Amino acid sequence: MLLAGGQGSRLYDLTKDVAKPAVSFGAKYRIIDFPLSNCANSGINSVGVLTQYRPYLLHSYLGTGTAWNLEDGIAILPPYATQTGGSWYAGTADAVAQNLEYIELNDPEYVIILSGDALCRMDYHDMLETHKKNNADLTIAVMPVPWEDASRFGLLVADETGRITEFQEKPPEPKSNLASMGIYIFNAKLLCDELRLDAADPESEHDFGGNIIPKLLNDGRRLYTYKFEGFWRDVGTIASYHETSMELLGENPSFDLFQKDFPIMSNTLSFPPAYFGPDATVDDCIVGNGSKIYGDAIHSIVSIDSVIGKGAVVKDSVLLPGAIVKDGAKVINAIVGENSIIEEGVAFGSEDAGKDYTFCGNNVVIGKEE
Amino acid sequence: MPKAIGLITANYSTKFPSPLTDSRPAASLPFLGRYRLVDFALSNMVNCGIRTVGMVMPYNYRSLIDHVGSGREWELTRKTGGLFILPGSAFGTSRTGSRFLLRDLIHNKVFLERDSADLVVLSTANWVYSMDYNKLFDAHLASGADITVLTQAAKDKDVDVAGFEVVDGRVKGVKHGVVFGDTAFLDCFVMGREKLLEILDWFAATDYLDLFEALAGEYERVNVQTFDYEGYAAPVFNKDTYFKANMDMLDTKITHELFSERPVRTKAHDNQPGKYQPGCKVANSRVSGSSVIYGTVTNSVLGRGVVVEKGAVVNNAIIMQGCTIKSGAVIENAIIDRNNLVPEGTELRGAPNAILVKEKGQA
């Protein structure tokens, strides 16, 4: 069950028109490509995708799942009406609870709950093996975070066998530095039973982290951690989106799209190869197909179908698909939304802005006055 | 659009052997890095609304089947219609230089008989252009011709391109090879489906001929008219025209015409975007996805997954998918076929008028 209904409000204009999982990343991908590819690469063949916020682009992008080798394996699960009314998804647990029908129809032994918001490469099969080996009721993927940051996360305290003894939500004094990644493997029957109980509880906020996990711990259930030490980023803010994009660059990037054994799949349109004009400069960039570079691209992500005009400079920036930087414009320390236009000669962003990245949403035109 | 079906004779066999076409049919030749020649013929058909396409296969069809598969990328995986893979002449019985060999059409009459479309458009897979065939259909229906052939004034001498002798807009004969200004045949024509079946019956005894050769004595009886295509069209029949057509793709006016209005569909590989490392230099070039460039690339077309190492220089060249150009190697005026590993310090140089071809490698 892939939770893809989130707005990602701290991405501001980048998620004005599209849900966070549909935000473009890495020149040709969308964020949801990462969990979906993980599913395909982990041998999961049925994925329910729970959508809610601005779902059109997401729905059309998902199609029947063919692009991720999930032919007819994707079920899109938006909120729906019933004889007694129907409601929006009120929380992560509620979203799954409203779709128990889908789970029970598939009749699995295990259900993995995933976030459609995060970027990581992860073998869910390995996590499932750990779950089985521990004879666990619930396994939570965790990653070590620096102790000084730990109080920003939901933390899990575990014994030496990995069994969880305590859950702390953003505690002022952390007892652990293992942060929950929002990836859970449940025994399917337990999940269905617990979600029914939770749905009937008027006090509950219907949240996995806030309600379901604490209750299972109280009940003395077998909750285990699965420690993940690979690359994981939430890209919840403009700054983290920009910085994670930059982590794709360089000769030995911390986030390597070229890792061979674990391909990230996507459903992008087909474009001709990237074009570089006679006076183009390209240095330390990732460039998608269909883009045309006449000016300078330096330490940047140049997404599919985008254009950098003559004499224009794009530096330390991210151009999303279809963005156009016209002749002589300068884009520095910035993010330009999909199909947005930076007019001739405009300076968008600056060298000395530090981590205050300049950004614009999709389909906007940035002229001289702004 | 009038109801039409398409038939692609993808089994052209070249008159001049080349390492490029020793290892694959011309229809499978990689083009502009990520495409194959057949993409243009297929895309032209589906972009005008055709959803039933037969494809006459060459004997060495492995790469072509691998590429077109079930036709999904061209919206040809369907309950009704779709892509029909049709057998072509067996190895040794095909004729070099032939486009629409009667035997190939007669053997596949059942494809034509089972459909009810009024029109059938036939094409080889040897030309690069992007056209709305509805214009051809409209001209065909308006003129009342039996056959309307797609033509263009030849821009160059080319011994491989077929030409027509035309008098007052009517075709009076066909010839092999054109010179500047001749009426060049773009290897595409439209005609009534039933008329084609009728003509195929006339020539059952001379099925070793090409359709337009067989019609040689019949141009009074069969009304063949031309439709002049004004856009960009490039023939690809030999090494030199293959190289030239690829280099044409460095002209953005041409690529705009080819790729902007109608998509050229191709098999998706879904690989990574290209990576351009610190210190690289890339100018006047087209570089496909998942290539990694550390060195210098100028005036060139690169396929997918090409690695140009530090200090390597590629100029005026086509580098196909999966090649690695090691540090310090120099490639100029050359076509490097797939999966070549060009070792450190190697120089592979042709001349502008004598392009060097390095055959497929094993890397």
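Scroll up to find the structure this text is about.
Let me sum up the structure you'll find in this document. In this text the structure is predicted, and so the values were computed from the model without any measurement.

1. Remarks on the overall build of chain B
A tally of helices and strands in chain B yields 10 helices and 26 strands. The C-alpha atoms of chain B give 21 Å as radius of gyration, which agrees with the globular expectation for 363 residues (21 Å, within 12%). For the C-alpha atoms alone, the extent of chain B along its principal axes is close to 65 × 45 × 40 Å. The 363 residues of chain B split such that 61% are buried. Restricting the contact set of chain B to residue pairs at least 6 apart, pairs at least 24 apart contribute 59%. Just so you have it, chain B exposes about 13,700 Å², and 51% of that area is on carbon and sulfur atoms.

2. Considering the packing of helix H6 (residues 188–199) of chain A against helix H7 (residues 208–218) of chain A
All names here are of chain A. Interaxial distance between H6 and H7 falls to 11 Å at its minimum, and their mutual angle equals 115 degrees. Comparing the axis directions of H6 and H7 gives the class roughly perpendicular. Helix-helix and strand crossings are classified by hand; for H6 and H7 the assignment is right-handed. Contacts between H6 and H7 involve Leu190, Leu191, Glu194, Leu195, Leu197 and Asp198 from the first element and Phe208, Asn211, Ile212, Lys215 and Leu216 from the second.

3. Focus: the interface of chain A and chain B
Taken residue by residue, the interface counts 37 residues in chain A and 33 residues in chain B. Of the roughly 2,700 Å² buried between chain A and chain B on both sides combined, carbon and sulfur atoms contribute 50%. Remark: the boundary between chain A and chain B carries 3 salt bridges. The shortest N-O distance in the salt bridge between A:Glu71 and B:Arg72 comes to 3.2 Å. Listed by contribution, the elements that provide at least two residues to the side of chain A that touches chain B are strand E16 (274–276) and strand E17 (281–287) of chain A. In terms of residue count, E17(A) provides more of the side of chain A that touches chain B than any other element does, 6 residues in total. Residues belonging to the side of chain A that touches chain B are distributed by class as follows: 23 nonpolar, 8 polar and 6 charged. Bridge analysis of E17(A) against strand E14 (residues 274–276) of chain B gives 3 bridges, and the strand direction is antiparallel. Of the residues in E14(B), the one forming a bridge with A:Val287 is B:Gly274.

4. Thoughts on unusual backbone geometry
Residues and elements named next belong to chain A. Residues other than glycine seldom take positive phi values, yet His299 does so here, at roughly 45 degrees. Checked against the element boundaries, His299 lands in strand E19 (residues 296–302). Residue class for His299 comes out partly exposed when judged on its relative accessible area of 23%. Despite not being glycine, Asp305 has its phi angle at roughly 65 degrees, a positive value. Topologically, Asp305 is positioned in the loop between E19 and strand E20 (307–308).

5. Considerations on the pairing of strand E10 (residues 170–178) of chain B
All names here are of chain B. Sheet analysis places strand E9 (residues 158–167) next to E10, joined by 7 bridges and oriented antiparallel. Counted as the bridge partner of Phe164 is Val174 from E10. The antiparallel hairpin formed by E9 and E10 contains 2 residues in its connecting segment, where Asp168 sits at a positive phi of about 50 degrees.

6. Quick look at helix H10 (residues 252–259) of chain B
Residue and element names in this part refer to chain B. Residues of H10 that are buried include every one of Ile254, Thr255, Leu258 and Phe259, and no others. Seen from one end, H10 has its buried residues packed into an arc of 105 degrees, which puts them on one side. Those residues of H10 that are exposed and aimed more than 90 degrees away from the buried face are Lys253 and His256. Each element contacted by the buried residues of H10 is listed here: strand E3 (35–36), helix H2 (38–47), strand E7 (127–128), helix H9 (239–248) and strand E16 (285–287). Where H10 begins, the side chain of Asp251 points an oxygen toward the backbone nitrogen of Lys253, at a separation of 2.9 Å.

7. Focus on the environment of B:Leu215
Residues and elements named next belong to chain B. In this fold, Leu215 is placed in the loop between helix H8 (211–214) and strand E12 (224–228). In the structure, Leu215 is positioned 42 residues away from Gly173 in sequence and 8.2 Å away in space, judged by C-alpha atoms. The contact partners of Leu215, leaving out residues within four places of it in the chain, are Ile147, Ile199, Phe203 and Val222.

8. Describing the state of the cysteines
Every disulfide links exactly two cysteines, by a covalent bond between their sulfur atoms. With the rule as written, the count across this model stands at 0 disulfides over all chains. No disulfide involves B:Cys48; its sulfur sits 9.3 Å from that of B:Cys188, the nearest cysteine.

9. Notes on the side chain of B:Ser43
Residues and elements named next belong to chain B. As for its placement among the helices and strands, Ser43 is situated in helix H2. The buried category is assigned to Ser43, whose relative accessible area is 2%. When near neighbours in sequence (up to four residues on either side) are disregarded, Ser43 contacts Trp74, Pro263, Val264 and Arg265.

10. Let's talk about the pattern of salt bridges
Residue and element names in this part refer to chain A. Using the criterion set out here, one finds 35 salt bridges over all chains in the structure. Two residues, Lys132 and Glu129, come together in a salt bridge whose shortest N-O distance is 3.8 Å. One end of the pair is Lys132 and the other is Glu129, both in helix H5 (residues 124–133) and 3 residues apart, which spans about a single turn. Judged by relative accessible area, which is 39%, Lys132 ranks as partly exposed. Exposure remark for Glu129: the relative accessible area of 36% places this residue in the partly exposed category.

Thresholds applied
- Residues numbered from 1 in each chain as written.
- Chains lettered and ligands numbered in written order.
- Predicted model: local features only at pLDDT ≥ 70, side-chain atom pairs only at ≥ 80, totals over all residues.
- Heavy atoms only, no water.
- Helix = DSSP H or I, 4+ residues; strand = E, 2+ residues; numbered from the N terminus.
- Rg over C-alpha atoms; globule rule 2.2 N^0.38 Å.
- Buried < 20%, exposed > 50% of the residue type's maximum accessible area, 1.4 Å probe, protein only.
- Contact = heavy atoms within 4.5 Å.
- Areas by Shrake-Rupley, 256 points an atom, 1.4 Å probe, with all protein chains shown as cover.
- Axes fitted to C-alpha atoms, helices over the stretch in contact; angles between N-to-C directions.
- Parallel < 35°, antiparallel > 145°, perpendicular 65-115°, else oblique.
- Left-handed = near helix turned anticlockwise from the far one by under 90°.
- Buried area = accessible area lost by both parts, 1.4 Å probe.
- Salt bridge = Lys/Arg side-chain N within 4 Å of Asp/Glu carboxyl O.
- Nonpolar A, V, L, I, M, F, W, Y, C, P; charged D, E, K, R; others polar.
- Pairing = 2+ DSSP bridges.
- Arc of directions from axis to C-beta.
- Polar contact = N/O pair within 3.5 Å; in protein donor to acceptor, adjacent residues only side chain to side chain.
- Disulfide = S-S within 2.5 Å.

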